[in-house]
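# Residue-level structure breakdown
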Amino acid sequence: MYEPNRPLEIQDLHQESPRQGEVRISMEAAGICASDHHATTGRMKMPLPVVLGHEGSGTVVEVGPGVSRVKLGDRCILSFMSLCGYCRQCRSGTGLCETHALTRNMLFDGTVRLHREDIEIQQMGKIGVFAESVVVPQEACYPFKDELSPQAAALIGCCVTTGAGAVINSSVASAGMTVAVFGCGGVGLSVIQGARLMNASRIIAVDVYSHKLEFSYKFGATDVVNSRETDPVEAIVELTGGGVDMAFDSFGGSITTAAAFNSVRKGGTAVVIGLSNPGESPPIDLYQMAVSQKSLVGSFYGSANPHETFSKLARFCSRDVLDVDSLITRTYSLDEVNDGLEALERGEDGRGVILF
Ligand SMILES: [Zn+2]
Ligand SMILES: [Zn+2]
């Protein structure tokens, strides 16, 4: 990506060998996520040029000096946050590593491994998986032995962890709870599956597309509300006799976050997962927030150490209680990446994945 609002360019780049603590991964699958789309429209700002893609899986094919966490031939889920393990955030168990944030789309030493002539090219989330091969920090790699398809492993790298993790890692989620999920894309459908894993008694899916709502039943939705036809807050309050225990905004926007907040019961919790425009804020009645003792919290990348969440979700897949493969409705070659981004924009069901 050289600039926003233009198709991504498919080019051959010069890729350096892995340096200290880095490995080269031959990519097997890469999911196309709303955050990639937000980058292409300029809604999510990042230094350019950059290779997009932050949800992928592949195999270790070259190991740099000082690598101890993975070995040649390991199949890995890649994490778009590489956790240093030593900063305050890492020590407290979040996935919000401060050391990663310092260099963000560059490697940990603050340099890049990709060049086109003398232009330096960054990698989204230190991985940039819309590429046949990537050089990444060993901290990005979660080697797995579970029986996962390459595409399921890729989706655990972002959408499934972001969605299901927000539920299973929540300290307020409990068996029998009632849940509303705003937005039924890859992340929203993963929230629905996370709620099913937590034995939620009622899971209400909300979207503006009837076909997406129909698709959401497959993943555990018990009720659906088309917010283009019906006021979702009124419908949810009516269905549950006062509001849900937890509501999740997987879309990320002032309207959907306010609706999620207004659809929880007194003492309930609304969780913001989707990324809105920076600076955007929801119209929320703070008086009501206090007197109804509601919580509004954020969740990023499953609210925990991503590798911990990957390991739980991979186990759930092996036990067939989490269905990641059915989220994938379209596959592409790398050359078709722009078609995949357009399908996402049109609101097509499920996830599109690039297979290498
Ligand atoms: Zn993503
Ligand atoms: Zn850290």
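Residues numbered from 1 in each chain as written. Chains lettered and ligands numbered in written order. Predicted model: local features only at pLDDT ≥ 70, side-chain atom pairs only at ≥ 80, totals over all residues.

## A few points about the overall build of the chain
For the chain, the count of helices and strands is 12 helices and 17 strands. Whereas a compact globule of 356 residues would reach a radius of gyration of roughly 21 Å, the chain reaches 20 Å, a difference of no more than 12%. Dimensions of the chain along its principal axes, counting C-alpha atoms only, are 60 × 40 × 40 Å. Out of the 356 residues belonging to the chain, those deemed buried represent 51%. Counted over contacts in the chain with a minimum sequence separation of 6, partners at least 24 positions apart contribute 71%. (Helix = DSSP H or I, 4+ residues; strand = E, 2+ residues; numbered from the N terminus. Rg over C-alpha atoms; globule rule 2.2 N^0.38 Å. Buried ≥ 20, exposed ≤ 12 C-beta atoms within 10 Å, placed from the backbone. Contact = placed C-beta atoms within 7 Å.)

## Digging into the sheet that holds strand S3 (residues 50–51)
Strand order in the open sheet made by the 4 strands is S1-S6-S7-S3, with mixed pairing throughout. If you trace the sheet from one side to the other, it starts and ends with strand S1 (14–15) and S3, each paired once. One ladder, built from 3 bridges, connects strand S6 (residues 114–116) with strand S7 (residues 119–123); its direction is antiparallel. Pairing of Leu-114 across the sheet is with Ile-121, part of S7. (Pairing = 2+ DSSP bridges.)

## Some thoughts on the packing of helix H1 (residues 34–41) against helix H12 (residues 337–345)
H12 packs onto H1 with a crossing angle of 100 degrees between their chain directions and a minimal axis gap of 10 Å. What the angle tells us is that H1 and H12 run roughly perpendicular. Between H1 and H12, the contacting residues are Ala-34, Asp-36, His-37 and Thr-40 on the first element and Leu-341, Leu-344 and Glu-345 on the second. Among the residues forming the contact of H1 with H12, the class breakdown is 3 nonpolar, 2 polar and 2 charged. (Axes fitted to C-alpha atoms, helices over the stretch in contact; angles between N-to-C directions. Parallel < 35°, antiparallel > 145°, perpendicular 65-115°, else oblique. Nonpolar A, V, L, I, M, F, W, Y, C, P; charged D, E, K, R; others polar.)

## As for the domain arrangement of the chain
Accessible area lost upon the coming together of the parts serves often as the stated size of an interface. Domain annotation of the chain identifies domain 1 (14–157 + 323–355) and domain 2 (163–301). Look at where the C-alpha atoms of domain 1 and domain 2 centre, and you get two points 28 Å apart. Contact with domain 1, which involves 17 residues of that partner, is made by 14 residues of domain 2. With 3 residues, the top contributor of residues to the side of domain 1 that touches domain 2 is H1. Counted by class, the side of domain 1 that touches domain 2 contains 7 nonpolar, 6 polar and 4 charged residues. (Domains from an automatic or database assignment.)

## Digging into the sheet that holds strand S10 (residues 178–182)
Spatially, 6 strands are ordered S12-S11-S10-S13-S14-S15 in an open sheet, and the strand pairing comes out parallel. The sheet is open, and its two borders are formed by strand S12 (223–226) and strand S15 (295–298), each paired with just one other strand. When strand polarity is set aside, the average angle formed by the axes of neighbouring strands in this sheet is 20 degrees. Strand direction decides the pairing type here: strand S11 (residues 202–207) and S12, joined by 4 bridges, are parallel. What sits directly across from Ile-204, in S12, is Asp-223.

## Section: the environment of Leu-107
Looking at where Leu-107 falls in the secondary structure, it is placed in the loop between helix H3 (98–103) and S6. Sequence-wise, Leu-107 and Ile-127 are 20 residues apart; in three dimensions their C-alpha atoms are separated by 8.8 Å.

## Re H12
When H12 is considered as a whole, its buried residues turn out to be Val-337, Gly-340, Leu-341 and Leu-344. Around the axis of H12, the buried residues are gathered within 100 degrees of arc, so they sit on the same side. Close packing links the buried residues of H12 with strand S2 (22–32), H1, strand S16 (328–332) and strand S17 (351–355). Of the residues flanking the end of H12, it is Gly-347, one or two places downstream, whose phi is positive at about 80 degrees. (Arc of directions from axis to C-beta.)

## A closer look at the pairing of strand S13 (residues 244–249)
Extensive coverage of S13 is indicated by the burial of 6 of its 6 residues. Of the pairings in the sheet, the one linking S10 to S13 comprises 4 bridges and is parallel in character. Within S13, the position partnered with Val-179 by the bridge is Met-246. The pairing of S13 with strand S14 (residues 264–272) spans 5 bridges and is classified as parallel. Bridge pairing links Met-246 to Thr-269 in S14. One crossover worth recording links S13 to the parallel S14 by way of helix H9 (residues 254–262), and it is right-handed. (Right-handed = clockwise from strand over helix to strand, strands pointing away.)

## What about helix H6 (residues 186–197)?
In a regular helix each residue adds 1.5 Å, so 12 residues correspond to 16 Å; H6 covers 16 Å between its end C-alpha atoms and thus fits that length. Of the positions making up H6, those classed as buried are Gly-186, Val-187, Gly-188, Leu-189, Ser-190, Val-191, Ile-192, Gln-193, Gly-194, Ala-195 and Arg-196. Downstream of H6 by one or two residues, Asn-199 has phi in the positive range, about 60 degrees. (Expected span 1.5 Å × (residues − 1).)

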